[in-house]
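Okay, here's what each chain looks like letter by letter:
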Amino acid sequence: MILALETSCDDTSVAIVDLDGRVRILLSANQDLFHRPFGGIVPEVASRQHTENLLPLVDGALVQSGLGWDALTGIAVTSRPGLIGSLLVGVVTAKALALAKDLPFIGVNHIEAHLLAPLLRDSTYEPPKEFDFPYLGLAVSGGHTHLFLCERPGCYRLLGRTLDDAAGEALDKFAKMIGLGFPGGAEVDRWAVGGDPTAFAFPRAMMDDEGNLDFSFSGLKTAALRILDGGVNRERQRADLCASFQEAVVDALVTKLVRAARVTGLKNWTVTGGVSANSRLRARASEAVRDHGGVLALPPLRFYTDNAAMVGMAGLHRLRAGETSRQDLAPSASSRADDWI
Ligand code: KG4
Ligand code: ZN
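A.B. asks: An account of the overall build of the protein chain is requested, with residue identities and associated values reported.
C.D. replies: Assigned secondary structure in the protein chain consists of eleven helices and ten strands. Taken over C-alpha atoms, the radius of gyration comes to 20 Å for the protein chain, in line with the 20 Å a tight globule of 341 residues would show. Across the 341 residues of the protein chain, 57% fall into the buried class. Residue pairs in contact within the protein chain that sit at least 24 positions apart in sequence constitute 73% of those at least 6 positions apart. For the protein chain, the computed accessible surface area is about 14,200 Å², with 53% contributed by carbon and sulfur atoms.

Quick look at the structure:
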């Protein structure tokens, strides 16, 4: 059974996961309220909140699960990529707890954790029966848009990634432009329901080359500015604007997912990360996987947004393989290119 900590961005989260990937407890503290007045995540505020929240969540997880320290065999913590101040809080705490309790600890890659989220289980979710390695994993959130071939635990091949903004970042920036709150991805989703996705022409980047599996969303921002400056009524046409913008993002994501499935021949797919909450993305990906004769694992919200259970799942595989981190492990804001293998 391992204790897992996640503090890479603006969610503080603690979980205990057992050797079967079953989540015994998952507790998180969301910081949206503290960042909303600034219209974006303020790194300094995030680290400060993690410092306040993390140890009480660890205590809470042990008390509420009824598990003691002696039930634990290791500690996992996100050590990369993310906001450096936020990562530091988690990593330093994990090191201190590991020393104090004489437990091994392991620093894990946050993106790897997202990719393994569909394999978690609890009282109301378990992965689809047919779902297993190798699978295609699209990790899509406010900070990342990465498409991977997940061969087996610890072995991931990066097939494509965004060259500029993450999909969630693009949605959040657009939401801000048209006067929706922060983070605005979910609001865009809500407004898009009543809108016409063909009302406005937003560009789809890098779609012509069949071999291209990368993404680019920064052109969408420029297009949005041009459309908004052209005299569009933001309030009256909000639904059409949202539907059109969202369709451009989802089109790019699903096109590359389908393309990757064709190239690799993989039938098992997963979409994870905050943007996988998007109703249009879920519908389009489900439709595409059905056409492809495959299985799409969509983990529930508590596992696909930033959370410590997925970190526990990544740590579990690493610790099981005999990997541990040393006390001089330093967190890193970015991932090295060879870090996925
Ligand atoms: O995984 P997450 O909670 O945190 C990280 O960024 O790592 O993802 C947050 C992102 C934000 O950009 C948010 O706007 C987006 O996920 N998001 C959505 C939806 N719900 C959250 N984007 C589109 N549609 C949604 N329903
Ligand atoms: Zn994330």
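A.B. asks: I'd love a proper account of the coordination of the zinc ion (ligand 2), names of residues and values included.
C.D. replies: The protein atoms that coordinate the zinc ion (ligand 2) are His110 (NE2), His114 (NE2), His144 (NE2) and Asp306 (OD), at distances of 2.1 to 2.6 Å. Mapping the donors of the zinc ion (ligand 2) onto the primary sequence yields the spacing H-x3-H-x29-H-x161-D. Of the two residues, His114 sits in helix 4 (residues 110–116) while Asp306 sits in the loop between helix 10 (301–304) and helix 11 (308–320), which places them 192 residues apart along the sequence. Asp306 shares its class with His114; the two are buried.

A.B. asks: Go over the site of ligand 1, please, and point to the residues and values.
C.D. replies: Taken together, 18 residues lie around ligand 1, and Gly142, Asp172, Asp189, Gly274 and Asp306 are the ones closest in. In this structure, Gly185 approaches ligand 1 through a main-chain N or O atom, which is 3.0 Å from an oxygen atom. Between ligand 1 and Asp306 there is a distance of 2.9 Å, counted from an oxygen atom to a side-chain nitrogen or oxygen. Mapped by element, the contributors of at least two residues to the shell around ligand 1 are helix 5 (167–177) and helix 6 (185–192). Its residues assigned to classes, the shell around ligand 1 shows five nonpolar, ten polar and three charged.

A.B. asks: Give a detailed account of the sheet that holds strand 10 (residues 295–297), specifying residues and quantitative values.
C.D. replies: The strand order across the open sheet formed by five strands is 8-7-6-9-10, and the pairing between neighbours is mixed. Of all strands in the sheet, those bounded by a partner on one side alone are strand 8 (155–161) and strand 10. Between one strand axis and the next, the sheet turns through 25° on average, direction left out of account. Of the strand pairs in this sheet, strand 9 (residues 268–272) and strand 10 are connected by three bridges, and their pairing is parallel. Note on strand 10: the bridge partner recorded for Asn268 is Val295. Where helix 9 (residues 279–291) meets the sheet, it contacts strand 6 (135–140), strand 9 and strand 10, and its direction lies at approximately 175° from that of strand 9.

A.B. asks: Outline empty space enclosed by the protein, listing residues and values.
C.D. replies: Applying the stated rule across the entire model yields one cavity of 30 Å³ or more. Size it by volume and the largest cavity reaches roughly 30 Å³. Per element, the largest residue contribution to the lining of the largest cavity is four residues, and it comes from helix 8 (residues 238–264). Of the residues belonging to the lining of the largest cavity, the class tally is five nonpolar, two polar and no charged.

A.B. asks: A description of the packing of helix 8 against helix 9 should follow, citing residues and the corresponding values.
C.D. replies: Following both chains from N to C, one finds helix 8 and helix 9 inclined at 30°, their axes separated by 10 Å at the closest point. On the basis of their axis angle, the class for helix 8 and helix 9 is roughly parallel. Remark: the crossing between helix 8 and helix 9 carries right-handed chirality. In this structure, helix 8 uses Gln246, Glu247, Val250, Asp251, Leu253, Val254, Leu257 and Val258 to contact helix 9, whose residues at the interface are Arg280, Leu281, Arg284, Ala285 and Ala288. Classifying every residue of the contact of helix 8 with helix 9 by side-chain character gives eight nonpolar, one polar and four charged.

A.B. asks: Outline helix 5, listing residues and values.
C.D. replies: Within helix 5, eight of the eleven residues are buried, which leaves the element mostly enclosed by the surrounding structure. Those residues of helix 5 not exposed but buried are Ala167, Gly168, Ala170, Leu171, Asp172, Phe174, Ala175 and Met177. Of the surrounding elements, those touching the buried residues of helix 5 are strand 6, strand 7 (145–152), helix 6, helix 7 (218–229) and helix 8. Two residues or fewer past helix 5, Gly179 is found with a positive phi of approximately 85°.

About the criteria used
- Residues numbered from 1 in each chain as written.
- Chains lettered and ligands numbered in written order.
- Predicted model: local features only at pLDDT ≥ 70, side-chain atom pairs only at ≥ 80, totals over all residues.
- Heavy atoms only, no water.
- Helix = DSSP H or I, 4+ residues; strand = E, 2+ residues; numbered from the N terminus.
- Rg over C-alpha atoms; globule rule 2.2 N^0.38 Å.
- Buried < 20%, exposed > 50% of the residue type's maximum accessible area, 1.4 Å probe, protein only.
- Contact = heavy atoms within 4.5 Å.
- Areas by Shrake-Rupley, 256 points an atom, 1.4 Å probe, with all protein chains shown as cover.
- Donors = N, O, S within 2.8 Å, 3.2 Å for Na, K, Ca; no water.
- Near = heavy atom within 4 Å.
- Polar contact = N/O pair within 3.5 Å; in protein donor to acceptor, adjacent residues only side chain to side chain.
- Nonpolar A, V, L, I, M, F, W, Y, C, P; charged D, E, K, R; others polar.
- Pairing = 2+ DSSP bridges.
- Axes fitted to C-alpha atoms, helices over the stretch in contact; angles between N-to-C directions.
- 1 Å grid on protein atoms, 1.4 Å probe; cavity = no way out; pocket = protein on both sides within 12 Å on 5 of 7 lines; lining within 4 Å.
- Points joined across faces, edges and corners; volume = space filled by probe spheres on them.
- Parallel < 35°, antiparallel > 145°, perpendicular 65-115°, else oblique.
- Left-handed = near helix turned anticlockwise from the far one by under 90°.

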